[in-house]
Amino acid sequence: MVFSSLKSRKIFFIFFLIIFFNFNIANSVEQKRYDDTTILKKKLDELNWKNFDDPKQHYLQIEEAKASIDILKNEYYLDNWEDINQFSWWTWGYGIESDLVAMIVGDDYSIYVYWKDEGYIKLDDWKDVNPKAFMDDMISTQNSFKEDSIKNNTSYVTKIEWIFEPTLNDEKKVVSYSYKVTWNDGNVNMESKNLKLGKKGYLLSQYVSAVDENTNFKETAEYAKNFAEYISFDENFRHADYKKGDKVAAVGIGGLVAGTLGVKTLAKAGVFAKFIPLLAKFWWIILAPIAALGFFRKKKNSQEKSD
C-alpha cells in the first residue's frame, strides 16, 4: 500500500511538472501582433538571431534530426522554437508548429525547416505519384476558399502552376517540387518544398521567395532544390542506414508528397489529418514569410554602413 501510494504521488508529481512546464512555455510568449513596422523591427531585434554579427558559412546542427544544414554567409537564422514562435506571434498574430526547428532568411527568401520523426519512408509508391492529379486537387482546394475570401475581402488564388513537378533524387534521398501562385490582385509568389529523407524521419524545408517581373522561376526553384540536397544526416541516421526492426512511417513517399501539398490523392484518411494544419496555413506559407525580408535587408544595409 505504501509503495502504491508513493508511486501514485510520483506519477501525479510528474504530471504536474509537465502541465506546469507547458503552461509556462505558452505564457512566456507575448501573444501579440505588431502592425507598426518600426515597433516590429525593434521587437524582432530582441530575438536570438544567429550568423548576423559575425557572418560566415558554416553548418547548423539540427540535434533532434541528427542532421546538419549548410548555412551561407549572407543567411541569418533562428534555431530554437521559442524564438521562432515569438517571431510568428509578433509578425502574424499566431503561434507556429513546435516541429519547426529552423527559420533561415536570405536576401530575398525565407526557408522554414521542419523535423518530422515519422519513421523510415518507403519509396515503393513513387510510381503512383501523379503531378497532374495533385495540381487539379490543389486548384480545387483553392477554389473552395474563393467564396469566403470574397466575402471577407481577402486575397484568393486564381492560378497555380508547376515550376517543376515532384522529382526524386534517389542518390541524395531528396524529393523536390516547386509551383507558382497567381492571386486575384495580380501578385505572384512561388513556393518550393523539399523532403530530405533520413532513417527516423525527414526534414521538410519550405523555400519562399519574393518575385518580380524579372524573376527567373526555374533558376530560383533550382536553388531551393540545391538547399535540401546539401542537408546531410549523421552516420547511422541516413535513409540508407535503415535496418529491419526500425520504425517505418505510416505512408510511403507518394502519400507523403500528397500530404505536404494538401491533397487527398494517395494520402490515407487517418494520416492525411496530420497535414490539415499545413493546408489551413496555405496562405501563411505563400505570403507571410515575405513580410520578414524587408527587416533583414534594412538591418544588413545598416550593418554594412557601420563597418
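Each chain has its residues counted from 1, following the order in which its sequence is written. Confidence filtering applies because this is a predicted model: local features only for residues at pLDDT of at least 70, side-chain atom pairs given and counted only at 80 or more, and all residues used for totals across whole chains, interfaces and linings. In computing side-chain values, all of the structure's heavy atoms are included and hydrogens and water are not.

To continue, consider the overall build of the protein chain. Helix and strand assignments come from DSSP, with helices taken as H or I runs of at least 4 residues and strands as E runs of at least 2, each series counted from the N terminus. A count of helical and extended segments in the protein chain gives 10 helices and 10 strands. Each residue gets one of three labels from its accessible area relative to the maximum for its type: buried under 20%, exposed over 50%, partly exposed in between, using a 1.4 Å probe on protein chains only. Here the protein chain holds 307 residues, and the buried ones make up 47% of them. By sequence separation, contacts in the protein chain at least 24 residues apart represent 65% of the contacts at least 6 residues apart. Residues are treated as being in contact if the distance between any of their heavy atoms lies within 4.5 Å.

Attention now moves to the sheet that holds strand β4 (residues 100–105). Taken in spatial order, the 7 strands of this open sheet run β3-β4-β5-β9-β8-β7-β6, and their pairing is antiparallel. At either margin of the open sheet sits one strand with a lone partner, and together these are β3 (76–78) and β6 (157–169). Each strand axis lies, on average, 15° off the axis of its neighbour in the sheet, ignoring direction. Here the rule is simple: two strands pair whenever DSSP picks up at least two bridges between them. Both strand β7 (residues 174–183) and strand β8 (residues 188–197) contribute to a ladder of 9 bridges, which runs antiparallel. For every element, the axis is a line fit to its C-alpha atoms; helices are fit only across the contacting stretch, and the angle between N-to-C directions ranges from 0 to 180 degrees.

The next point concerns the packing of aromatic side chains. Pairing of aromatic rings covers Phe, Tyr and the six-membered ring of Trp, with a centre-to-centre limit of 6.5 Å; geometry is then stacked below 30 degrees between planes, edge-to-face above 60, and tilted otherwise. Counted according to the given criterion, the structure contains 11 aromatic pairs. Each ring, one from Trp 162 and one from Tyr 177, has its centre 6.0 Å from the other, and the planes form 80°; the classification is edge-to-face. Of the two residues, Trp 162 is situated in strand β6 and Tyr 177 in strand β7; the sequence distance between them amounts to 15 residues. In this structure Tyr 177 comes out as buried when scored by relative accessible area, which is 1%. Of the aromatic side chains, those joined through ring pairs into one cluster are Tyr 109, Tyr 207 and Tyr 223. Counting as a charge over the ring demands two things of the Lys NZ or Arg CZ atom: a distance within 6 Å of the ring centre and an angle within 35 degrees of the ring normal. Taking the ring centre of Phe 217 as reference, the NZ or CZ of Lys 180 above it sits at 4.5 Å.

Sheet topology places β6 next to β7; 9 bridges connect them, and they run antiparallel. Within β7, the position partnered with Glu 161 by the bridge is Lys 180. The antiparallel hairpin formed by β6 and β7 contains 4 residues in its connecting segment, where Lys 173 sits at a positive phi of about 55°.

Most of β7 is tucked away: 9 of the 10 residues are buried. Linkage of β7 to β8, two consecutive antiparallel strands, is achieved through a turn of 4 residues, within which Gly 186 is found at a positive phi near 95°.

Next up on the list: the packing of helix α2 (residues 37–44) against helix α3 (residues 81–92). Closest axis-to-axis distance for the α2/α3 pair is 10 Å, and the angle between their directions is 175°. By the angle between their directions, the pair α2 and α3 is classed as roughly antiparallel. Contacts between α2 and α3 involve Leu 40, Lys 43 and Leu 44 from the first element and Phe 87, Trp 90 and Thr 91 from the second. Polar here means any residue other than Ala, Val, Leu, Ile, Met, Phe, Trp, Tyr, Cys and Pro, which are nonpolar, and Asp, Glu, Lys and Arg, which are charged; Gly is therefore polar. For the contact of α2 with α3, a count of residues per class yields 4 nonpolar, 1 polar and 1 charged. Relative orientations are named as follows: roughly parallel for angles under 35 degrees, roughly antiparallel for angles over 145 degrees, roughly perpendicular for angles from 65 to 115 degrees, and oblique for any other angle.

Topologically, Ala 258 is positioned in helix α6 (residues 253–261). When the C-alpha positions of Ala 258 and Val 129 are compared, they lie 8.2 Å apart, and in sequence the two are 129 residues distant.

Moving on, we come to the confidence of the model for the protein chain. Every residue gets a pLDDT, meaning the predictor's confidence in that residue, from 0 to 100. Looking at the protein chain as a whole, its pLDDT mean stands at 79, while 77% of the residues score no less than 70. Taken as a whole, residues 1–26 scores under 50 in pLDDT and shows 2 contacts with residues more than four places along the chain or in a different chain. For the stretch residues 266–294, pLDDT sits under 50, and the model shows 78 contacts to residues farther than four places along the chain or on other chains.

With respect to the element layout, Asn 189 can be found in strand β8. Expressed as a C-alpha distance, the spacing of Asn 189 and Asp 212, which sit 23 residues apart in the sequence, is 8.7 Å. N or O atoms within 3.5 Å of each other form a polar contact, as long as, within protein, one can give a hydrogen and the other can take it, and as long as residues adjacent in sequence are counted only when both atoms are side-chain atoms. Within the local environment of Asn 189, its side chain forms a polar contact with the side chain of Trp 183, the two groups lying 3.2 Å apart.

Under the convention used throughout, the expected extent of a helix is 1.5 Å for every residue step, that is, one less than its residue count. The first and last C-alpha atoms of α3 sit 16 Å apart over 12 residues, in line with the 16 Å expected at 1.5 Å per residue. Regarding α3, the residues found buried are Asp 83, Ile 84, Asn 85, Gln 86, Phe 87, Ser 88, Trp 89, Trp 90, Thr 91 and Trp 92. Remark: Gly 93 follows α3 within two positions and exhibits a positive phi of approximately 90°.

So, on to the sheet that holds strand β10 (residues 232–233). Working definition: the strands of a sheet are paired by backbone hydrogen bonds and lie parallel or antiparallel to each other. Strand order in the open sheet formed by 3 strands is β1-β2-β10, with antiparallel pairing between adjacent strands. The open sheet has two free edges, formed respectively by β1 (58–62) and β10, since each of these has just one partner strand. Where strand β2 (residues 67–71) lies against β10, 2 bridges are found, and the strand directions are antiparallel. Note on β10: the bridge partner recorded for Ala 67 is Phe 233.

One can find Asn 51 in the loop between α2 and β1. Reaching out from Asn 51, the side chain makes a polar contact with the backbone nitrogen of Lys 56 at a distance of 2.9 Å. Of note is the side chain of Asn 51, whose polar atom sits 2.8 Å from the backbone oxygen of Glu 75. Discounting chain neighbours no more than four positions away, the residues touching Asn 51 are Lys 56, His 58, Ile 71, Leu 72, Lys 73, Glu 75, Tyr 76 and Tyr 77.

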